[in-house]
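# Structure at a glance
Listed below are the residues making up each chain.
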Amino acid sequence: MMLTVNDLKIQLEGDRKKILQGVSLSVGAGEVHAIMGPNGAGKSTLGYVLAGREGYEVTGGSVDFDGQDLLEMEADERARAGVFLAFQYPVELPGVNVATFLRTALNAHRAARGEKELNAVEFLKLCRREMQALSMPEDFLQRSVNTGFSGGEKKRFEVLQMALLEPKLCILDETDSGLDIDALRIVAEGVNRLRDAGRSFVVITHYQRLLEYIKPDHVHVLAAGRVVKSGGPELALELEAKGYEGVAA
Amino acid sequence: MAAKALTVVKADAVPWPERAARVLGAASLPPLPTPADEAFHFTNLRPISALKPHRDSDWELADVAAVLPVVDGPQVVVVNGRVVPQLTVLDGLKGASVRWDGVYPVPEVAEALAAYHAHQGGQVVEITADEGEVVLHVIQVLAGAQVPSGGTLKVRVAARAKLTLVEHLVGTADAAGWWNDHVALEVAAGGVLEQVLVQDLPLDAVLTRRQGGTFGSGAAYRAFTLQVGGRLARVASQFACAEEADIHHSGLALADDGQTHDTTLLLRHEDAGTASHIRQRNILRGKPGGKGAHAVFQGKFYVAQKAQKTDAYMLCESLLLAEGARVSAKPELEIYADDVKCSHGASTGRLQPEQLFYLAARGVPQAVAQRLLVAAFADALLDEAPAAAHALLSARVSRWLDGTPTVAPADDTVEMNTDWLED
Ligand SMILES: Nc1ncnc2c1ncn2[C@@H]1O[C@H](COP(=O)(O)OP(=O)(O)O)[C@@H](O)[C@H]1O
Ligand SMILES: [Mg+2]
C-alpha cells in the first residue's frame, strides 16, 4: 500500500474540537481515490494532517506512508519523501518570486535524493516544458508566489509544482473549485499526465464534475469526520443524484 | 573586594562629561541626553558613558586596510574623522571636488551631541558636485577606541548635478569607540542627491550621527540607509524641503541580540508641492534567551502653512524573528496647511506559520524557508535603493542573512569597565 490511514482521530489543539473521528483509508500504488463530502466534513483537515500541518492533535490511529510512520515526520520531510498537498487555498508569499521558490523546492528534493542541484539553465528548461503544458506564460516565473494570482492561476500553479516535484502521493484539495470549464480541463489534463503505476492520488472534491476528467478507482464519502460510505466511480454519480443526505442515510 | 568597591565609588565621583571635557580640552561639556529627553526616550545613550574618553588617534595602516571595503572609482578614506590622503583616490572624479582643509569652528552649542562634536577635532570634508553625474564613495573608519570621534561631511549639489554618494561606516577589528559625526547636505534647486549609507561598524561601537539637509525647489533626494553594525547606532536627520522638492528615504535595519538601531527623522515641508516618502524596515533577530534586538523609528512630518499640496507618507514595518526583540515606533504629524496628503503607518509582525507550512509542504527545510521569507521582506525595500549601490547593499544583506546571529556585549560587562581610572 502507498497510504494506509487507520482509524485516525484528530482534534484541534486549541479548543479540542473533534474533527476526524476515526477515518480509515487504504490507497494502493497507482490508484486514484476520490473523497467527497459536504462543507465542514473534515476533508481539508485530512489533507493538512497528512501533509504535516501544525495545530492538530492526533488522539488515535496511525498513518503509514510507503512503509514509514508518517505522523512521526516533519512536514518538510514528508514532502521530500513524496507527499504532495495541492492546497485548497494556496498561500501568498509576497516578494518570493516563483522561479526562486520552485528552484528552492526542487533542489531540496534533489539534495534529499543525493542528486546535485539544478543550475539556473537546467531549471529553466525543465520549468518551461511543464509551464507550456499547463498553458502558463513565461513571465509567471517573475511574479511573487500566489500574490495577486487569480483563482485559476493559483490552482494551475499548484499543479505545476506537483509536476516538477514528482511526488508519490498527490493529495488534491478542491483543485477544481473556482475554475471555469477550460481551466478545469487544463488542470485535469495536468493531473492525468502524472498518473502512473507508481503514483497515487487522493482527490478531494465537493462536486462530481472533476471526476468526469480524473477518473477515480474508488470514491469515499466523508461526513462529520467519518467515512460513511465507500464504493466505485458510480458512487460519485449517486451522490450527484441523491445529495449527501440521501447517500449517507 | 573592599578595594574594588572603593574604585566604583571613585568612578561615580567624576561625572562623565567632565572626564570627556578634560580629554578633549574643552572648558566643560554638557551631560549626554537621557531617556528623560523626549528625543531620546527610546534610545538610551548609557553605553557611551561606559566607554573611556580617549583622544589619541594611533592606528595601524594594516588594521585599517584590512577592513576597507573594496569599491571601484573615486573614494575618500577618513579614519577617526581625518582624511587619509594615501588611501584616498580622486583620479577620475569629474564635475565634483573634495577638500578637507577646513577646520570645524567651535561654536557655542547647546545640543549635547553637537557640543561634543565641536571639540572632537575632526576635519570638515567638503564634497561639491557641480555638474553631470558623479559617483563618489566615502569610507569612514573608526579605528581603536576613540571616544568621541568623527568629523563633518559637507555635501553640496549644484542645480545641474547629480551626485551619488555611497558612504561606508566600518571599524577596525578592535574598534570600541563612540562615533559622533555630522553631515550637512545642501541640494540646489533642480539638483539630485542619492545618499547611500552602509553602517557596518563593529558590534562594540556606538554611533550617533546628526544629519541636516536643505533641498531647493524641485530638488530630488534619494536616501538609503542600511544599518547592520554597532551596539547602539542612531542616525538622526532633519531635512527641510523647498517647493516641489521630492524626497525618498528608505532604511533597513538588521539587528541582533543587544543591538539598538535608531532612525530618527524630521521632515520640514516649508513650501508647496513637496513630496516625501519614508519607508523603514527592521529585521530583528536573536538567540533564544538572548537580550533581544531593538529598533527605534521616530518619524515626524512638519508641514508649514504655505506648504499646500504636500504629499507625504511614512511607513515602518518590522519583522521580529526572536523572542525579546522589540520595536519602538513613533510617527508624528504637525500640519498647518489644509490641502495636504499625509499618512503614516507602522506594523510589527513575525513570520507567518501559514507561509512556513506552505514552504515545508514543498520540502523546503525550515531554516531555508525562513531565510527565503526574510530575504523577501528585505528585498522589497532594496528595490528602492539607488541603482549604483543595489548590488553592494544586496550582498551585505545576504551576508547578514547567512550569518549566525551575533551577540553584542551585555550591558553589565560594560558598566563594570572602570579602567579609565588607571590613567
Ligand atoms: N483551524 C481551525 N479552527 C477552527 N475550526 C476548524 C479549523 N480547522 C477546521 N475547523 C473546523 O473543522 C471542520 C472541518 O473543516 P475542514 O476540514 O476544512 O472541512 P472541509 O474541507 O470538509 O470543508 C469544520 O467545522 C471547520 O470549521
Ligand atoms: Mg476544505
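Residues numbered from 1 in each chain as written. Chains lettered and ligands numbered in written order. Predicted model: local features only at pLDDT ≥ 70, side-chain atom pairs only at ≥ 80, totals over all residues. Heavy atoms only, no water.

Here we come to the coordination of the magnesium ion (ligand 2). Residue and element names in this part refer to chain A. Taken together, the protein ligands of the magnesium ion (ligand 2) are Ser44 (OG) and Gln88 (OE1), with distances of 2.1 to 2.3 Å. Of this pair, Ser44 sits in helix α1 (residues 43–51) while Gln88 sits in the loop between β6 (83–86) and β7 (93–97); the two residues are 44 residues apart in sequence, bridging distant segments of the chain. On the basis of relative accessible area, Gln88 is assigned to the buried category, the value being 14%. (Donors = N, O, S within 2.8 Å, 3.2 Å for Na, K, Ca; no water. Helix = DSSP H or I, 4+ residues; strand = E, 2+ residues; numbered from the N terminus. Buried < 20%, exposed > 50% of the residue type's maximum accessible area, 1.4 Å probe, protein only.)

Take the packing of aromatic side chains next. The final tally for this structure, using the stated rule, is 16 aromatic pairs over all chains. When the centroid spacing of 5.8 Å and the interplanar angle of 10° are considered together, the rings of Phe101(A) and Tyr358(B) count as stacked. Pair noted here: Phe101(A) is in helix α3 (residues 98–112) and Tyr358(B) is in helix α6 (residues 353–360), and the two residues belong to different chains. We note that Phe101(A), like Tyr358(B), is buried. On the basis of an interplanar angle of 75° and a centroid distance of 5.9 Å, the ring pair of Phe149(A) and Phe157(A) is categorised as edge-to-face. Residue Phe149(A) is classed as buried on the basis of its relative accessible area of 7%. Given the relative accessible area of 0%, Phe157(A) is considered buried. Through a chain of ring-to-ring contacts, the aromatic side chains of Tyr48(A), Phe87(A), Phe101(A), Phe140(A), Phe149(A), Phe157(A), Phe357(B) and Tyr358(B) assemble into a single cluster. (Phe/Tyr/Trp six-rings, centres within 6.5 Å; stacked < 30°, edge-to-face > 60°.)

Residue and element names in this part refer to chain A. Relative to the elements of secondary structure, Gly55 occurs in the loop between α1 and β4 (56–65). Taking the relative accessible area as the measure of exposure, Gly55 reaches 27% and is therefore partly exposed. Between the C-alpha atom of Gly55 and that of Gln11, which follows or precedes it by 44 residues, the distance is 8.9 Å. When near neighbours in sequence (up to four residues on either side) are disregarded, Gly55 contacts Gln11, Leu12 and Glu13. (Contact = heavy atoms within 4.5 Å.)

Further remarks concern the pattern of salt bridges. Residues and elements named next belong to chain A. As enumerated under the stated definition, the model contains 36 salt bridges over all chains in all. Across the pair Asp76 and Arg80 runs a salt bridge whose closest N-O atoms are separated by 3.1 Å. Here the residue Asp76 and the residue Arg80 both occupy positions in helix α2 (residues 75–81), the gap between them amounting to four residues, near one helical turn. Notably, a salt bridge pairs Arg129 with Glu130, separated by 3.7 Å at the nearest N-O pair. For Glu130, a relative accessible area of 15% translates into the label buried. (Salt bridge = Lys/Arg side-chain N within 4 Å of Asp/Glu carboxyl O.)

For the rest of this paragraph, the subject is the site of ligand 1. All names here are of chain A. Every residue near ligand 1 is listed here: Leu12, Lys17, Ile19, Pro38, Asn39, Gly40, Ala41, Gly42, Lys43, Ser44 and Thr45. Within the contact set of ligand 1, an oxygen atom lies 2.9 Å away from a backbone nitrogen or oxygen of Lys43. Contact between ligand 1 and Thr45: an oxygen atom at 2.5 Å from a side-chain N or O atom of the residue. When the free accessible area of ligand 1 is taken as 560 Å², the share hidden by the protein chains comes to 62%. Per-element tally for the shell around ligand 1: the top contributor is α1, with three residues. (Near = heavy atom within 4 Å. Polar contact = N/O pair within 3.5 Å; in protein donor to acceptor, adjacent residues only side chain to side chain. Areas by Shrake-Rupley, 256 points an atom, 1.4 Å probe, with all protein chains shown as cover.)

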